[in-house]
Amino acid sequence: MSHRQWKCIQIQRWLICVLIGITTGLVAVIINISIIQLTELKMKIVTQAIEKCVKSACLYQPLLIWITINAGLVMIAALLTVFVAPVAAGSGIPQIKCFLNGVKVPNVVRLKTFFTKVVGIIASVSGGLAVGKEGPMIHAGAVLAAGISQGRSITFKLTFPLFEYFRNDREKRDFVCAGAAAGVAAAFGAPVGGVLFSLEEASSFWNQALTWRIFLCSILSSYSLNFFMSLYHHHGGDLAYPGLINFGKFEGTYEGFELPIFFFMGVIGGLLGALFNAINHKITIFRNKYVTIRFLKVVEVIIVSVVSATIAFMMMFLSAQCNPLGQDINVDLQFLCEDGQYNTMASLFFTPPEDSVKSLFHDPLGSFQPLTIIIFVLPYFFVACWTYGLQVPSGLFIPALLIGAAWGRLIGICMNAICPDCLWSQDVAKYALIGAAAQLGGTVRMTISLTVILIEATGNISYSLPLMTVLMIAKWVGDFFNQGIYDKHVHLAKVPILEWEPPPLSINIHAREVMGTPAVTVREVCLVKDICRVLSDPHNCHSGYPVTNEEGKFRGFVLRSQLLILLKHKVFMERSGPDDRLELAVFRDSYPRYFPLSIVNVSEDEQRCHIDIRPYLNPAPYTISERASLPRIFRLFRALGLRHLVVVNDNFEVVGIVTRKDIWKWGHHGKS
């Protein structure tokens with residue numbers, strides 16, 4: 001590669017990040033506007049039915065309309081997820097975390113997954129489920145990044161002569177990391193938070209050169225969303241819509257003696273987060289064991305939708321709090337209130353969850369009575385536990401923020417009742433914010449990135465100290481009982497993801513105890529028959545094989561995909577000259593969907609031919625001595641993103657191979 005070609009590749013990297021940022025912002029705009037329009041249409045239909053039936057004693061009719069609309073929308077999301085792209089279920093953060101950890105997650109960055117994610121989250125949120133659209137934006141950004149960086153669409157059989165250099169796992173992983181950061185930036189209007197999210201939560205190994213490119217990607221994502229949403233709201237150029245959720249401005253401050261109260265709220269957030277994770281863990285185990293038929297998965301989603309809609313309607317019916325119109329701009333549903341008043345519970349259930357969070361943050365003291373908040377938060381907590389993990393795209397950030405903002409505001413009301421004349425107790429917004437942060441931190445167990453995301457979303461740096469401390473306390477308390485919600489779902493899926501640290505007490509465990517043996521090897525010059533035998537053996541479905549010479553010495557490593565391509569193009573020594581070598585472009589064009597051995601036609605005569613693997617193997621792969629300790633092996637996998645590591649003895653002979661699954665199994669189960 002010449003210096004000019006190298007410069008061209010660097011420019012292409014920046015160009016791809018620009019495209020990822022802008023397109024992620026545009027997708028966020030489409031999702032946001034679609035949800036707004038569908039929600040407004042649904043509320044208009046239901047509101048008219050309620051106003052018509054309040055005096056006619058036929059409230060069962062608007063309830064049935066409400067249930068039917070919600071169930072219909074949610075069923076669309078469930079059918080798409082179950083039958084088109086099951087990997088699109090949930091927020092997608094655990095799957096992207098595994099992908100960036102170096103694990104091959106099938107279909108996680110496919111176009112059909114992206115389509116299901118976008119349409120599904122629009123239908124799920126509009127259908128009234130206890131979900132948010134922020135988490136799935138991270139997955140959507142990651143899929144966009146994977147597609148753009150490859151310069152082609154295999155689904156539509158379109159290939160462009162662009163970005164060919166980046167058609168490999170390492171480069172794609174870097175761009176997916178940028179896409180995840182762009183998704184966070186679009187969701188919360190937090191470019192710095194997006195970079196830190198990718199660094200802290202998503203990526204296992206960090207390329208330092210990525211930082212500035214990811215930061216540019218996040219900025220463009222946030223401000224693309226900002227620009228187009230300002231046009232939608234007829235305020236072109238007014239950059240007041242930086243993310244899908246806007247917490248509003250927090251103008252107040254706090255007193256030093258309030259910090260112990262905030263710290264206590266952190267403990268509550270950790271306990272409630274651990275309880276949420278434990279309940280969801282039990283539900284997910286039950287779901288994985290009994291709800292396995294695709295039809296039942298769709299039925300479960302519809303049942304949850306019907307139950308959620310019924311609970312919301314009944315809560316509005318049971319709520320006795322009515323406020324004068326004008327205090328709340330989100331909804332003016334009268335329901336059973338007097339003329340000129342609106343039902344307070346309707347402002348929580350009949351609006352998008354982001355607006356409900358904003359109401360709990362900023363509505364003046366007295367807008368929500370304590371009983372109203374309790375009636376709202378108790379059923380919502382358990383419905384959210386039940387909902388996360390369904391076969392629909394669903395985010396967890398907003399439900400956690402909504403639960404925390406509710407009980408945080410309740411604590412603020414209690415503080416005001418203790419000291420009604422004190423100036424510091426008049427501001428319940430800060431308690432709602434701290435409660436939201438504590439609940440979210442206790443559930444997902446992120447600290448650094450979540451602090452920055454919340455600071456950027458609130459626009460008030462003065463809350464950085466209590467937010468950081470509360471998130472740390474919530475994480476510590478929650479970690480005492482169980483893992484974060486994303487880690488739980490990763491482990492339930494039995495994905496061999498590597499933790500941050502090697503297994504404890506593993507310093508005396510060596511490679512010979514961890515490795516898989518005997519290792520399946522191929523010779524430098526090998527019979528076609530032997531290669532076909534290795535590739536067709538169901539017990540040898542590995543992604544690559546060590547290559548040895550005639551004396552059995554280790555010479556390099558060849559990938560399974562490379563052997564398949566050599567067989568397909570019949571690169572046999574007896575039928576080609578020394579200069580008839582395959583170009584690198586042939587291997588790149590086959591990435592990432594390689595064909596199976598069954599479609600390669602090899603005759604009996606060809607099976608007696610030989611293949612010279614030496615021009616195509618990796619002559620200097622990472623290797624390790626059989627006496628190396630498990631922590632050293634772990635750090636190699638973790639830092640370099642390896643998928644396999646060849647183990648050799650003192651004579652440089654292959655004695656085994658260590659894979660991610662070997663380390664994962666040892667860390668979780670040990671060996672007898």
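Predicted, not measured: the structure shown is a model, and the values here were computed from it. Each residue is numbered by its place in its chain's sequence as written, counting from 1. Residue-level local features of this predicted model are given only where pLDDT is at least 70; pairs of side-chain atoms are given and counted only at 80 or more, and the full residue set underlies all totals for whole chains, interfaces and linings. To obtain the side-chain values, all non-hydrogen atoms of the structure were included, while hydrogens and water were left out.

Asker: Looking at this model, I keep getting lost on the packing of helix α3 (residues 93-100) against helix α6 (residues 169-188). Mind explaining?
Answerer: Helix-helix packing is described using two parameters, namely the angle between the two axes and the distance between the axes. Running from amino to carboxyl end, α3 crosses α6 at an angle of 150°, the nearest separation of the two axes being 10 Å. In terms of axis orientation, α3 runs roughly antiparallel to α6. For the pair α3 and α6, the crossing hand works out as left-handed. Of the residues in α6, those in contact with Ile96, Phe99 and Leu100 of α3 are Lys172, Arg173, Val176, Cys177 and Ala180. Classification convention: Asp, Glu, Lys, Arg as charged; Ala, Val, Leu, Ile, Met, Phe, Trp, Tyr, Cys, Pro as nonpolar; all other residues, Gly among them, as polar. Here the contact of α3 with α6 is composed, by residue class, of six nonpolar, no polar and two charged. Angular values range over 0 to 180 degrees, each being the angle between N-to-C directions of two axes fitted as lines to C-alpha atoms, with helices fitted over their stretch in contact. Secondary structure follows DSSP: runs of H or I at least 4 residues long count as helices, runs of E at least 2 residues long count as strands, and numbering of each begins at the N terminus. When an angle is under 35 degrees it counts as roughly parallel; over 145 it counts as roughly antiparallel; between 65 and 115 it counts as roughly perpendicular; any other value is oblique. The sense of a crossing depends on the near helix, which, turned anticlockwise from the far helix by less than a right angle, makes the crossing left-handed and, turned clockwise, makes it right-handed. The contact definition used throughout considers only heavy atoms, calling two residues in contact when any of these lie within 4.5 Å.

Asker: What is the right way to read helix α17 (residues 464-481) from this model?
Answerer: For an α-helix, 3.6 residues make a turn, and residues three or four places apart therefore share a direction. For a helix, the expected span equals 1.5 Å multiplied by the number of residues minus one. Helix length check: α17, at 18 residues, gives a terminal C-alpha distance of 26 Å against a target of 26 Å (1.5 Å per residue), a fit within 8%. When we look at burial in α17, the residues that qualify are Ser464, Pro466, Leu467, Val470, Leu471, Ile473, Ala474, Val477 and Gly478. Remark: exposure states derive from per-residue accessible area (1.4 Å probe, protein chains only) relative to the maximum for the residue type, with buried under 20%, exposed over 50%, and partly exposed in between.

Asker: Sorry, what's going on with the sheet that holds strand β5 (residues 522-523) here?
Answerer: Paired through backbone hydrogen bonds, the strands of a sheet run either parallel or antiparallel to each other. Paired strands, in this sense, are two strands between which DSSP finds at least two bridges. Pairing is mixed in the open sheet, where three strands are placed in the order β5-β7-β8. If you trace the sheet from one side to the other, it starts and ends with β5 and β8 (554-559), each paired once. Inspection of the sheet shows strand β7 (residues 544-548) paired to β8 by five bridges, in the antiparallel sense. When the sheet's bridge partners are listed, Thr548 is paired in β8 with Phe554. Contacts from helix α21 (residues 560-568) reach β7 and β8, with the element oriented near 75° to β8.

Asker: Whenever I open this one, the domain arrangement of the protein confuses me. Can you help?
Answerer: A common way to state how big an interface is: give the accessible area lost once the parts meet. An automatic or database domain assignment provides the domain bounds reported here. Under the domain assignment, the protein is made up of domain 1 (15-244), domain 2 (282-289 + 317-492) and domain 3 (511-671). On a C-alpha basis, the centres of domain 1 and domain 3 stand 38 Å from each other. Taken together, the contact pairs 18 residues of domain 1 with eleven residues of domain 3. Between Lys or Arg on one side and Asp or Glu on the other, a salt bridge is scored when a side-chain nitrogen of the former is within 4 Å of a carboxyl oxygen of the latter. Here domain 1 and domain 3 share zero salt bridges between them. We call two N or O atoms a polar contact when they sit within 3.5 Å, provided that within protein one can donate a hydrogen and the other can accept it, with sequence-adjacent residues counted only if both atoms are side-chain atoms. Between domain 1 and domain 3 we count zero residue pairs in polar contact (both at pLDDT 80 or more) in total. Residue contributions to the side of domain 1 that touches domain 3 peak at three residues, all from α6. Per-class residue counts for the side of domain 1 that touches domain 3 are four nonpolar, six polar and eight charged.

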